[in-house]
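Overview (structure and organization)
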Amino acid sequence: MDGFGSDFSAGGSGGKMDTSTIMEQVKVQIAVANAQELLQRMTDKCFKKCIGKPGSSLDNSEQKCIAMCMDRYMDAWNTVSRTYNSRLQRERARM
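How each quantity is defined
- What you see as residue numbers is a count from 1 along each chain, following the sequence as written.
- Whole-chain, interface and lining totals are the exception, using all residues; otherwise, since this is a predicted model, local features are given only for residues with pLDDT of at least 70 and side-chain atom pairs are given and counted only at 80 or more.
- Processing note: side-chain calculations cover all non-hydrogen atoms of the structure and skip hydrogens and water entirely.
- Secondary structure elements follow DSSP: runs of H or I of four or more residues count as helices, runs of E of two or more count as strands, with numbering from the N terminus.
- Here the expected span of a helix is defined as 1.5 Å times the quantity of residues minus one.
- A simple rule labels every residue: compare its accessible area, found with a 1.4 Å probe on the protein chains alone, to the largest value its type can have, and call it buried under 20%, exposed over 50%, or partly exposed in between.
- By definition, residues are in contact when any of their heavy atoms lie within 4.5 Å.
- Exposure above 30% relative accessible area and the absence of a salt bridge qualify a residue for a patch, where like charges join within 9 Å and nonpolar side chains (Val, Leu, Ile, Met, Phe, Trp, Tyr) within 5 Å.
- All accessible-area figures derive from a Shrake-Rupley calculation using a 1.4 Å probe, and residue coverage is judged against the displayed protein chains alone.
- We define a salt bridge as a side-chain nitrogen of Lys or Arg found within 4 Å of a carboxyl oxygen belonging to Asp or Glu.
- Cysteine sulfur atoms are paired as a disulfide whenever they fall within 2.5 Å.
- The pLDDT value expresses, per residue, how confident the predictor is, ranging between 0 and 100.
- His is not counted, nor are the chain ends; Lys and Arg add positive charge and Asp and Glu add negative charge.

**Details of helix 2 (residues 60-94)**
A rise of 1.5 Å per residue sets the reference length of helix 2, with its 35 residues, at 51 Å; its end C-alpha atoms lie 51 Å apart and thus fit the reference within 8%. Along helix 2, the positions that sit buried rather than exposed are Glu62, Cys65, Ile66 and Cys69. Buried residues along helix 2 sit in contact with helix 1 (19-50).

**A closer look at a nonpolar patch on the surface**
Taken together, the side chains of Ile22, Val26 and Ile30 present a nonpolar region at the surface, about 210 Å² in accessible area. Relative to the elements of secondary structure, Val26 occurs in helix 1.

**Side note on the state of the cysteines**
Scanning the entire structure with this criterion turns up two disulfides. Between the sulfur atoms of Cys46 and its disulfide partner Cys69 the distance amounts to 2.0 Å. Residues Cys46 and Cys69 are joined through a disulfide that is left-handed, its torsion about the S-S bond being -85°. Of this pair, Cys46 sits in helix 1 while Cys69 is found in helix 2, placing the two residues 23 residues apart along the sequence. Taken individually, Cys46 and Cys69 each receive the classification buried, so the pair is uniform in this respect. The disulfide that involves Cys50 links it to Cys65, with 2.0 Å between the sulfurs. Across the disulfide from Cys50 to Cys65, rotation about the S-S bond amounts to roughly -70°, and the bridge is consequently left-handed. Here Cys50 is found in helix 1, whereas its partner Cys65 is found in helix 2, with 15 residues between them in sequence. Here Cys50 matches Cys65 in class, with each residue buried.

**Things to note about helix 1**
The α-helix advances 3.6 residues per turn, and as a result positions three or four apart in sequence lie on the same side. Taking 1.5 Å of rise per residue, the 32 residues of helix 1 would be expected to cover 46 Å, and the 46 Å separating its terminal C-alpha atoms lies within 8% of that figure. Residues of helix 1 that are buried: Leu38, Met42, Cys46 and Cys50. In this structure, the buried residues of helix 1 make contact with helix 2.

**Let's talk about the confidence of the model for the chain**
For any part of a model where pLDDT is low, the fine detail of the predicted coordinates should not be relied upon. Residues with a pLDDT of 70 or more make up 83% of the chain, whose mean pLDDT is 87. With pLDDT under 50 throughout, residues 5-10 is counted as low confidence; its partners more than four residues away or in other chains account for 11 contacts.

**With respect to the side chain of Glu62**
With respect to the helices, strands and loops of the structure, Glu62 is situated in helix 2. Lys53 provides the closest opposite charge to the buried, unpaired Glu62, separated from it by 10 Å.

See below:
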């Protein structure tokens, strides 16, 4: 069976899952995937920038570099995200 067009039980109530519930679940899954990707990219970029020779521990300058890099990365991401969302809202208002 391919699963398309079949009834899904919602919370064990035996009812059909409506489209809005499915859409909300998809949105949550996308948000989680985006957060994981953001964290992975931030980790990769800051590691490459701050860690010269990987070892068993980070020295003080590496710790400070990692913390500042991650703060700047998140600040930049938040700025881009806010700008993108406001642009989307403006575009939707024009329609």
